[in-house]
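The residues making up each chain are set out below.
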Number of protein chains: 2
Amino acid sequence: MAGHKNLSRVTPKEMRLLIRKGKWVKPTPGVAMGYAQANLVILPEKYAFDFLLFCQRNPKPCPLLEVLEPGRFRTAFLASDADIRNDIPKYNIYRKGKLEKAVKDIKSLWSKDFVTFLLGCSFSFEEALLRAKIPVRHIEENKNVPMYITNIPCKPAGTMHGPMVVSMRPLPPDKIVRATQITSRYAAVHGSPVHIGDPSKIGIRNLNRPDFGDPVTIRKEEIPVFWACGVTPQAVVMEAKPDLCITHTPGHMFISDLLNEELATL
Amino acid sequence: MAGHKNLSRVTPKEMRLLIRKGKWVKPTPGVAMGYAQANLVILPEKYAFDFLLFCQRNPKPCPLLEVLEPGRFRTAFLASDADIRNDIPKYNIYRKGKLEKAVKDIKSLWSKDFVTFLLGCSFSFEEALLRAKIPVRHIEENKNVPMYITNIPCKPAGTMHGPMVVSMRPLPPDKIVRATQITSRYAAVHGSPVHIGDPSKIGIRNLNRPDFGDPVTIRKEEIPVFWACGVTPQAVVMEAKPDLCITHTPGHMFISDLLNEELATL
């Protein structure tokens, strides 16, 4: 959420145009504030049913915002003029589950059997937490959110299976109820916490050693609160080792025309 | 919800066993009260991605409770011991969108490429409305709920498209806010209303002539309240004219082990 103050008030359309022209190849937190950003997963059609089913069964780690029919690269719901092949600042190309390279557009790679999945991102609920004066430590410390692989199994679907990955935000006890209420409103962006308190209960040994992201300060009176994390679907797809998978490069998200507030259910 | 008082307290497992043995070939409203009942749609695999995508895009009319992998006939989430091929009192067999016949089990028809979809049903939220002393007219009058084809388009997905079908419950003005709050908790069973008031705004000409179900009394001071209806996905599938489609016979539902309360989101 930090940085890019000059672009915090740009519209999503203007931002996507900058990205499309190759003039913005940086992470997107803090740009076009108020608008929902989305995670990207593109898979060949033969993997699409399994992945769609996996998301249906695991909506907290895999909250689908939009899925495109095979071959389609224009969104209909999240934005009216977007082209998924070049409106994301940076893409990761994986073959058989291994990162091959990062690229600025995927026009030359595009195939008629590609199915595009766009998934909700916790940036949306963090904005709502901050508005309610609930501290978000990794933003205060200008770090990436700490993420941990848990012992909570996702519900498998066909070839897709794996443990849930969670993000952690330490909170003073008197803020936990409100933070739970606020994030419950945002089911489309991971929703309510999956665990509050003792990390060992969900298989996390050491909060200071996250599996992804950065460790953050946890103050004496604070309790760790865990939310399902969008890294889960990516980890699950990589484990299934598809011939090809394209994702956004972490932090380099798709910027939608939907206000975060439009994603709230209540 | 009426009738079957002697079976209202039977467990879902006992009820499914009665059905499996062919000892119950009647509608299921009012049996195993408190437990969620589900709509059934079975399609050959080649239609499954489109239908799953249609449900993802239209969660209010098509709230998925469970989807089984191709060929699977045992549920994992809604019940631990159920066999979808004979645990439903009566099935409708459609070919190319036309009803061919109704049967008591589908074991002889079963194919390894069948994909089973179980969808939420408004019986679940009606029980919650009744508990809050909100009148449900068609239950009071011992009728089927009135349903109407609207001019609200569903979001199409591949070969699947069509208008939303809604159910209507007339309410006194001072009950509408509470009814909206209560049904909002049940996103997995159609959720909050899609329209309140003037039926002509959603393309309904005459409330006394529902497209499905029975007309009900609307008292002078009452306002019609409309919810998305589970007939929508069936109408959409029929319109797509698949080679084969199997559904439950209307009113003859799958009885799950999940309490309606377990479906509530808040």
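Residues numbered from 1 in each chain as written. Chains lettered and ligands numbered in written order. Predicted model: local features only at pLDDT ≥ 70, side-chain atom pairs only at ≥ 80, totals over all residues. Heavy atoms only, no water.

Often, the extent of an interface is quoted as the loss of accessible area on bringing the components together. On the side of chain A, 20 residues touch chain B, which itself brings 20 residues to the contact. Of all residues in chain B, B:Phe49, B:Gln56 and B:Glu69 give up the largest surface area on contact with chain A, accounting jointly for 35% of the area buried on that side. Between chain B and chain A we count 2 salt bridges in total. Among the salt bridges present, the one from A:Glu69 reaches B:Arg57, with a minimum N-O distance of 3.0 Å. Contributions of two or more residues to the side of chain B that touches chain A are made by helix H2 (45-57) and strand S2 (64-67) of chain B. By residue number, the principal contributor to the side of chain B that touches chain A is H2(B), which donates 6 residues. Partitioned by chemical class, the residues of the side of chain B that touches chain A number 14 nonpolar, 3 polar and 3 charged. (Contact = heavy atoms within 4.5 Å. Buried area = accessible area lost by both parts, 1.4 Å probe. Salt bridge = Lys/Arg side-chain N within 4 Å of Asp/Glu carboxyl O. Helix = DSSP H or I, 4+ residues; strand = E, 2+ residues; numbered from the N terminus. Nonpolar A, V, L, I, M, F, W, Y, C, P; charged D, E, K, R; others polar.)

A separate point is the pattern of salt bridges. Residue and element names in this part refer to chain A. Applying the stated rule across the entire model yields 30 salt bridges over all chains. In this structure, the salt-bridge partner of Arg72 is Glu69, at a minimum N-O distance of 3.3 Å. Here Arg72 falls in the partly exposed class, since its relative accessible area comes to 48%. Relative accessible area serves as the criterion here: at 7%, Glu69 is assigned to the buried category. It is possible to trace a salt-bridge network through shared partners that takes in Arg16, Asp81 and Asp257. (Buried < 20%, exposed > 50% of the residue type's maximum accessible area, 1.4 Å probe, protein only.)

Here we take up the relation of the copies chain B and chain A. Between chain B and chain A, the superposition needs a rotation of 180° and an axial shift of 0.0 Å, giving an RMSD of 0.0 Å. Taken together, the rotation angle and the small translation identify this as a two-fold axis. For chain B, the smallest separation between a C-alpha atom and the rotation axis is recorded for B:Phe49, amounting to 2.8 Å. A shared binding surface is used by both copies, with 100% of the interface residues of chain B retained as interface residues in chain A. (Least-squares fit on C-alpha atoms with pLDDT ≥ 70 in both.)

All names here are of chain A. Ordered in space as S6-S7-S9-S8, the 4 strands form an open sheet in which the pairing is antiparallel. For this open sheet the edge positions go to strand S6 (147-153) and strand S8 (195-196), each flanked by a neighbour on one side alone. Bridge count for S6 against strand S7 (residues 163-171) is 4 bridges, and the pairing is antiparallel. Directly across from Met147, in S7, lies its bridge partner Ser167. (Pairing = 2+ DSSP bridges.)

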